[in-house]
Structures are given as C-alpha cells and as structure tokens.
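Chain by chain, the residues:
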Amino acid sequence: MTKKTTTALILVLSLVLVLAGCGGGNQNQTKNQTQGQNQSQNAGNKDTAKEAEAVSGASETNSYTPIDQLKDKYDLIIVGAGGAGMTAALEAKAGGMNPVIFEKMPVAGGNTTKASSGMNASQTKFQKEQGIEDSNDLFYEETLKGGHGTNDKEMLRFFVDNSAAAIDWLDSIGIRLNNITITGGMSEKRTHRPEDGSAVGQYLVNGLLKNVKEQGIPLFVNADVKEITEKDGKVNGVKVLFNQTDEKTIAAAAVVVTTGGFGANMDMISKVRPDLQGYVTTNQTGSTGDGIQMIEKLGGTTVDMDQIQVHPTVQQEKSYLIGEAVRGEGAILVSSEGKRFTNEMDTRDNVTAAINKLPEKSAYLVFDSGVKSRVKAIEQYEKMGFVLQADSTQALAGQMSVPADALQTTLDTWNGAVKNKNDAEFSRTTGMDNDLSAGPYYAIKIGPGIHYTMGGVKINTNTEVLNKAGQAIPGLFAAGEVTGGLHGQNRIGGNSVAEIIIFGRQAGIKSAEYVKAQQ
C-alpha cells in the first residue's frame, strides 16, 4: 500500500468515526468498544477483517506515527501495541530509553480492547477506601486454587505482590480504576473498573495511548514483525513488514514481545486441543501466536500450550464476550427449562462444564435493571441486539421461550437466597449484594467460546525469555498473554488485565536496565 493510499484510507476512516459519534478517551465503553464482531474462527479475508477492526476500533486518541518518521535504530523495540506493550513502552521511556512500538494491526489495543470485567488487585488504596479487607496471600491462594495448583508459584507471588502498585501506577497516569466488583473464584471484591462501571478495555487502551502520545513514543501500525534478529547470541533487532509490502530491518539492543496469545489461530489450537474445533472465539483477528513462533525460532521454550480457556458466557452469533461483571453484579444463569443449574460465580472452567452438560449447550443470563445500572457494558450489548427486555418476568419468559412459572419460581428462590445470604441450591456466596426484583427484566443468550490461551513462552519474574535450559536469552523479554505459566490450567477473570500491567511494567523496567548495561 502506498503512502498516499494509506493517508486516504485514514481520512476515510476518520470521517466514518466522526459520523458514528465515536469519542476518544471517554470512559463510556459504549462509544468506543472495539471488536471484530463478525469474525469467524478462520478469520476470513485478512485485509477485510483488518479494515473492519480499524473502523470499529479507532478513536480520536489513535494518532499513529507516520512511516516517514521511522528510524533505522532504537534503544529497544516493543512488538505489539496492546496493554502490555504500551505499558512496557511507558516504563522504558521513564527509564531513559528511546523505545518504539510496532503493531501489525491497523489500530492499537489488541485483545486488551475487548477486556470487559476489570483488573484484579489486592491491598489497594481503593479497596481500603471502600472498607474492603483483602490480602495478597488470599489473592495468591485463590488464584492458585483457580489454576488447580498448577500455576508457576514464583510468577504468581510476584504478580499478587505487585498488583496494588500497578493500580497506583495507572492512577498516576490518569487511568483511574476505583469501581470494584468481583469475578468467579474470588471471595473478595478485587476487580477494579473505571469509575462509571464501564468495561475496562477501551478505557485502558485510550488512557495508555494518550500517555504514549504525550511521551512522544513512536507507535507504528500495519507494522508486522516477521522475525527477531540476533548476533553472537544476543537479540539485536527485528525485521518488519510495513503495509504488507515494504520490509525493513530495524536495530535495537533489546526486544520486548507483547503480541498476545493464539486464540484466533485455529490451526495452532487444533494441534494442541482438537476437542475445541467448532467453538467460536472471542479473540481479535490479530491473536495468531506470531510472538510465540518467533521466540521458539530463537530457542525459547513454551509451557502449558494445551491449556486453553473456554469462557462460559459468549454471545454465539457474533462471538462476543459477555463480561463476568454481569454475574458479579448479580445475574443468574438459567437453562431452557427456566431453572438455575450451577453456581454462576464458580471458576470459568466449572461454569463452562455445567453449560456443556445441558442438552442445548447454551443458557440465558437473567438480570434486572439494577444489574444493568451497575454494569455499563450492558448498554453496548443492547446496541448490538443481544439483550431481551420485558416489564415482567412472565413476558421475559415468553421471549426466552422458557416456562414462565419455572422462571418466576427460579427468581423467587434466588431473591430469597440473596435476602438470607444462603444459596441452598448451588452454594453461591458472591455477587449476592442485590436481588433481582427491579424491573424491567433482561436476558442474554450465551454459550461457551474460546477466550484465552494460558500457555505461551516461558519467562522469569524479570520477564526475560528463557531457553530450554532455563537460561535467559540475552536482550529478549516478553509480557502478557504471549507468555505462559502464571495462570496454570485455568485463568481467573480479571487476572489477564492485571498481568499485562504488572508484567508490562516489569518488561519495560528490566529491558531498559539491560540496554543501559550494554551501553
């Protein structure tokens, strides 16, 4: 694609966004929610998918660096402009470095943009302000239990002990996450969201982009890194394909890989988990495992590659994640018989298994106007046509095609459980602060979908990429979903956003230290 063509395309996309009323940097996720809404598991036509995501995902904060400003050499290169990549860039810049970010998609954000529920952290200032008693040890134990004891314990310890500092760091750069809810597998409210209760993803991406721009960090999109280069056993740069036509070799003393997982690469998934063929995926089309494959060529090793999380609540027709905060704020799951069938706040793998045991392998999230007011993301679900609404539970049952008497009994029983703080049916203990008695009433039909790849490249707590002998590959760092081990066999909702910030910061700090030592 020529420079003139690229400029023209940007102008057209900008006009579309203005007409659509998309604002930049707004906490209200309904304005800026980025999704490849109609993506198939095979991603379809790559160019069309990229252009669609550019239209739906760009915002006024997304002013990217023109190609004519590209330099032949930087202090360090960050591959991937999701939450981990932009966080690493900001910390590297704060450490005195001159970093650059290369993003293969037409817009920054990656899967971070699609994050919904929030960011887990313990012993935070916002928890203390709100009287929430929590501890790093409890966060550690519950995450370890959620991962069935298979988590990398050293990584997990670093993760929980640095979670509160990550919340503080975000707040210091204007990204305030002080609205706290809860996700499955947790016993305390530690899932931090934007103040208005909206989805965390777009708000976080907009805030990070704003800071990247203010710090003068170059961010190139349509910049597909194809290879990480090395000399004398040390990483020394990358080969990048710009606009699918122009390949350049860019030098750097260190490379930080933050390319995300492989949740949109059905070929990679089917090799390690053939049982997942036929599932929809919530992942953006760029999540194809490029970083993992490049790192393996350099001798890096992987861990837990067959551990792939299926999220229980995905709108099937558009492969769209319905965030866990909906359940965290009080929603229940009901079957086609109009009955509850599981503890909705159990871990994701257990809730998914319960849905898959139903004859229809799908269910409905049922909630009231109170839940809707507390979870702003529901406004986006309404705009996308996912939400059924009725003034009475009987009318809602008709829209759901479930027995009205059974649904009413289910809601009455649930409201009694909330009042008595005792769920005799399924032993749910969280997300029970409010009953479901405030009409109108709502329902969203959901089923399981491929959501997150727990496996990836092996790193240490310095985010250095390790080889098969457990030694750090000089100059190579990684953070975020591209890495593996932290979550074990099952990821707790809210931990992925925490991971990209905690280890993204560490990658920026440690890569900067490495570069200084080489100078």
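From a predicted model like this one, the values you see are computed outputs, not experimental measurements.

Asks: Looking at this structure, I do not really get the overall build of the protein. What am I missing?
Replies: For the protein, the count of helices and strands is 18 helices and 20 strands. Counting every position in the protein, which comprises 519 residues, the buried fraction comes to 61%. Pairs at least 24 apart in sequence give 75% of the contacts found in the protein among residues at least 6 apart. Accessible surface computed for the protein: about 19500 Å², of which carbon and sulfur atoms make up 47%.

Asks: Whenever I open this one, the sheet that holds strand β20 (residues 472-478) confuses me. Can you help?
Replies: Two modes of strand pairing occur in sheets, parallel and antiparallel, and in both the strands are linked by backbone hydrogen bonds. The mixed open sheet is built from six strands, whose spatial order is β6-β2-β1-β10-β20-β19. What marks the edges here is a single partner per strand, and that holds for β6 (219-220) and β19 (464-466). Sheet topology note: the strand β2 (residues 99-102)/β6 ladder contains two bridges and is parallel. Residue pairing in the sheet places Ile101 in a bridge with Leu219 of β6.

Asks: What am I meant to see in the sheet that holds strand β5 (residues 191-193) here?
Replies: Reading across from one edge, β3-β5-β4 is the order of the three strands in this open sheet, with antiparallel pairing throughout. With partners counted over all chains shown, the strands left at the sheet margins are β3 (119-120) and β4 (179-181), one partner each. Both β4 and β5 contribute to a ladder of three bridges, which runs antiparallel. Bridging across to β5, Asn179 finds its partner in Arg193.

Asks: What should I look at first to understand helix α18 (residues 495-518) in this one?
Replies: Because an α-helix completes one turn every 3.6 residues, residues spaced three or four positions apart along the sequence face the same direction. Its 24 residues place the ends of α18 34 Å apart at the C-alpha level, agreeing with the 34 Å of an ideal helix rising 1.5 Å per residue. Buried residues dominate α18, accounting for 18 of its 24 residues.

Asks: Would you mind going over the nonpolar core with me for this structure?
Replies: One broad trend across soluble globular proteins is that nonpolar side chains are buried collectively. Ranked by size, the top nonpolar core spans 101 residues in total, and within it Phe102, Leu219, Ile228, Val238 and Leu476 carry the most contacts. Looking at which element gives the most residues to this core, the answer is α18, with ten residues. Excluding residues within four positions of it along the chain, Leu476 makes contact with Ile228, Val235, Val255, Val257, Ile295, Leu298, Thr463, Glu464 and Val465. Phe367, Tyr381, Ala390 and Tyr441 belong to the second-largest nonpolar core, a separate cluster that totals 44 residues.

Criteria and cut-off values
- Note that residues are indexed from 1 along each chain, following the sequence as it is written.
- Note on the predicted model: pLDDT of at least 70 is required for a residue's local features to be given, and 80 or more for side-chain atom pairs to be given and counted; whole-chain, interface and lining totals, by contrast, use all residues.
- Side-chain calculation: all heavy atoms of the structure are included, whereas hydrogens and water are not.
- Numbering of helices and strands runs from the N terminus; a helix is a DSSP stretch of H or I covering at least four residues, while a strand is a stretch of E covering at least two.
- Categorising residues by exposure relies on relative accessible area from a 1.4 Å probe, with only protein chains included: less than 20% of the type maximum marks a residue as buried, more than 50% marks it as exposed, and the intermediate range marks it as partly exposed.
- In this description, contact between two residues means that some pair of their heavy atoms is separated by no more than 4.5 Å.
- Using a 1.4 Å probe, accessible areas were evaluated by the Shrake-Rupley method; residue-level cover was limited to the displayed protein chains.
- Any two strands with at least two DSSP bridges between them are considered paired.
- To estimate how far a helix should reach, multiply one less than its number of residues by 1.5 Å.
- Residues belong to one nonpolar core when they are buried, are Ala, Val, Leu, Ile, Met, Phe, Trp, Tyr or Cys, and are joined through side-chain atoms within 4.5 Å.

Keep in mind these values describe shape, not function.
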